[in-house]
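Summary of structural features
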Amino acid sequence: MKSADARHETDPQEQTSTLRLIWPQWQGAGQEMVGQLLPEAPLDRARRGYALGARFLEAMLPEHDGPTEVVPVPQEESGSTGGIESREQILASLDAAQEILSRHGDAPRILTLGGECSVSVVPFTELARRHGEDLAVVWIDAHPDVDTPETGYDGYHAMAVSAIVGQGDPEILDRLPAAVDPARVALAGLHDGEQDALAHLDEWGLSSFSPADLRESTRPLLDWLAGTGAGKVAVHLDVDVVDSDEAALGLGLVPGGLTRAQVRRIIADLDEAADVVGLSIAEFIPRSVLAMEALVDGLPLTER
């Protein structure tokens, strides 16, 4: 475990050697669901809300002296094949991310800015290949993301945890470099989901912590982490875990989640307890920017 003093020391070499992966993938969210949850925007704009969110996350962060890569994402989408919507585009984007990571095999840490939740699958399984049993995953999310092609929803972003633990679609799993034992994966902030997916938690042996479990203290999650024996952790942050009554950050407005202060405390405590080698920030939908796009679209002098 790192000491509190060590946690607050910034190693310039550590910062500059972090790979910053910008992955504006949007096809993983089901088209019908996007239309239902973001009705205030035209569907063609709403569909690409995650791509817009990725660009804004990149703009918000300080300039990065280390390697930065943008994963190319096809601009098309397609229907559902084998229980996964836009399968062809998702596979193409996955392969592109794999190629980028193969060129940065010496980067000790990976920051991924999405895009929808599936942007964590490639970096986290690459970290699993490198670190094996020394890696744990903490998935901070209102939802479990343990769907499969056999469950009722065919959006790939809801299958991200499944892929990381080696469950789900064989064509995707065959492309991934490793899997994480479900005993070393915890869902934090979980408080929404469909029963056909939630059933996989017990079936696969995943641990979960509700917002109520973590409101006052991160201790239950830290005790779980210590029990895994892992010294390194990859953290996924789906911004919809934040109580939508405090801030509407994700696609779905889910009340009853964690506060932003609680999320920051949880991640800070994980950073103190273990070596954070991966962090993903995903599912940010900048609603006000979508409204601004609609306002300025086609105004005089704004065209190319």
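Residues numbered from 1 in each chain as written. Predicted model: local features only at pLDDT ≥ 70, side-chain atom pairs only at ≥ 80, totals over all residues. Heavy atoms only, no water.

Counted only if it meets this: UniProt positions are given in the numbering used here, feature names are shortened, and annotations may be inferred rather than shown by experiment.
Labelled according to an unreviewed UniProt entry, the protein appears under the name Arginase, originating from Rothia kristinae. Quoted straight from UniProt, the Sequence similarities (unreviewed entry) entry for the protein says "Belongs to the arginase family."

Considering the overall build of the protein
Counted only if it meets this: Secondary structure elements follow DSSP: runs of H or I of four or more residues count as helices, runs of E of two or more count as strands, with numbering from the N terminus. As defined in this context, the radius of gyration uses C-alpha atoms, and a globule is described by 2.2 Å times the residue total to the power 0.38. Residue burial is assigned from relative accessible area. The probe radius is 1.4 Å, only protein chains are included, and a residue is buried under 20% of its type maximum, exposed over 50%, and partly exposed in between. Here, two residues are considered to be in contact whenever any of their heavy atoms come within 4.5 Å of each other. Computed by Shrake-Rupley with a 1.4 Å probe, the accessible areas treat only the displayed protein chains as cover when residues are assessed. Charge assignment: positive for Lys and Arg, negative for Asp and Glu; neither His nor the chain ends contribute. Throughout, a charge is located at the NZ atom of Lys, the CZ atom of Arg, the CG atom of Asp or the CD atom of Glu.
Broken down by element type, the protein carries 14 helices and 10 strands. Its C-alpha atoms give the protein a radius of gyration of 18 Å, near enough to 19 Å, the size a compact globule of 304 residues would have. Reported as C-alpha extents along the three principal axes, the dimensions of the protein are approximately 55 × 45 × 40 Å. The proportion of buried residues among the 304 residues of the protein is 53%. Long-range pairs, those at least 24 residues apart, make up 75% of the contacts in the protein between residues at least 6 apart in sequence. Counting only carbon and sulfur atoms, one obtains 51% of the accessible surface of the protein, whose full area is about 13,300 Å². Counting 22 positive and 52 negative side-chain charges, the protein places the averaged centre of each group 5 Å from the other.

Here we look at the environment of Asp-141
Heads up, the condition is: Polar contact criterion, stated in full: a pair of N or O atoms within 3.5 Å, where within protein one must be able to donate a hydrogen and the other to accept it, and residues adjacent in sequence count only if both atoms are side-chain atoms.
Positionally, Asp-141 belongs in the loop between strand E6 (135-140) and helix H8 (160-164). Excluding its chain neighbours within four sequence positions, the residues that come into contact with Asp-141 are Cys-117, Ala-188, Gly-189, Leu-190, His-236, Asp-238, Asp-240 and Val-241. In this structure the side chain of Asp-141 is engaged in a polar contact, spanning 2.8 Å, whose partner is the backbone nitrogen of His-143.

Overview of the nonpolar core
Quick reminder of the rule: Only buried residues count toward a nonpolar core. Its members are Ala, Val, Leu, Ile, Met, Phe, Trp, Tyr and Cys residues joined through side-chain atoms within 4.5 Å.
Trp-23, Trp-139, Tyr-156 and Leu-206 are the most contacted members of the largest nonpolar core, which has 61 residues in total. In terms of residues, this core owes the most to one element, helix H6 (residues 87-103), which gives seven residues. Ignoring sequence-local partners within four residues, the contact set of Leu-206 consists of Val-146, Val-161, Val-165, Pro-182, Val-185, His-200 and Leu-201. Counting residues in hydrophobic clusters, the runner-up holds 24 residues, among them Leu-221, Leu-225, Ala-230 and Leu-270.

Quick notes on the packing of H6 against helix H7 (residues 121-131)
Note the cut-off: Lines fitted to the C-alpha atoms define the axes, with helices restricted to the stretch that makes contact. Angles between their N-to-C directions range from 0 to 180 degrees. When describing relative orientation, an angle under 35 degrees is termed roughly parallel and one over 145 degrees roughly antiparallel, while 65 to 115 degrees is termed roughly perpendicular and anything else oblique. Two helices crossing with the near one rotated counterclockwise from the far one by less than a right angle form a left-handed crossing, whereas a clockwise rotation gives a right-handed crossing. Gly is placed with the polar residues, together with every amino acid not listed as nonpolar (Ala, Val, Leu, Ile, Met, Phe, Trp, Tyr, Cys and Pro) or charged (Asp, Glu, Lys and Arg).
Close contact between H6 and H7 brings their axes to 9 Å; oriented N to C, the two are set at 40°. By the criterion of interaxial angle, the relationship of H6 to H7 is oblique. Considering how the two elements wind past one another, H6 and H7 form a crossing that is right-handed. Of the residues in H7, those touching H6 at Leu-94, Ala-97, Gln-98 and Leu-101 are Val-122, Pro-123 and Glu-126. Partitioned by chemical class, the residues of the contact of H6 with H7 number five nonpolar, one polar and one charged.

Quick notes on H6
What counts is decided by this rule: The length a helix should cover is 1.5 Å for every residue beyond the first.
Between the first and last C-alpha of H6 there are 25 Å, a value that for 17 residues agrees with the 24 Å anticipated at 1.5 Å per step. When we look at burial in H6, the residues that qualify are Arg-87, Gln-89, Ile-90, Leu-91, Ser-93, Leu-94, Ala-96, Ala-97, Gln-98, Ile-100 and Leu-101.

Describing the sheet that holds E6
Applied cut-off: At least two DSSP bridges between two strands are required for those strands to pair.
Sheet architecture is open: eight strands sit in the order E2-E1-E5-E10-E9-E6-E7-E8, paired in parallel fashion. Taken across any chain shown, the strands that pair with only one partner, and hence form the sheet edges, are strand E2 (68-70) and strand E8 (207-209). Adjacent strand axes in the sheet meet at a mean angle of 15°, parallel and antiparallel pairs treated alike. Pairing geometry for strand E5 (residues 110-114) and strand E10 (residues 275-282), over four bridges, is parallel. Bridge pairing links Ile-110 to Gly-278 in E10. The strands that H6 touches are strand E1 (19-23), E2 and E5; relative to E1, the one it contacts most, it runs at about 170°. Across the sheet, H7 is in contact with E1, E5, E6, strand E9 (232-238) and E10; its angle to E6 comes to roughly 160°.

Description of the side chain of Thr-112
Of note, Thr-112 is situated in strand E5. Overall, Thr-112 belongs to the buried group, its relative accessible area being 0%. Setting aside residues up to four positions removed in sequence, Thr-112 forms contacts with Leu-21, Trp-23, Val-119, Pro-123, Leu-279, Ser-280 and Ile-281.

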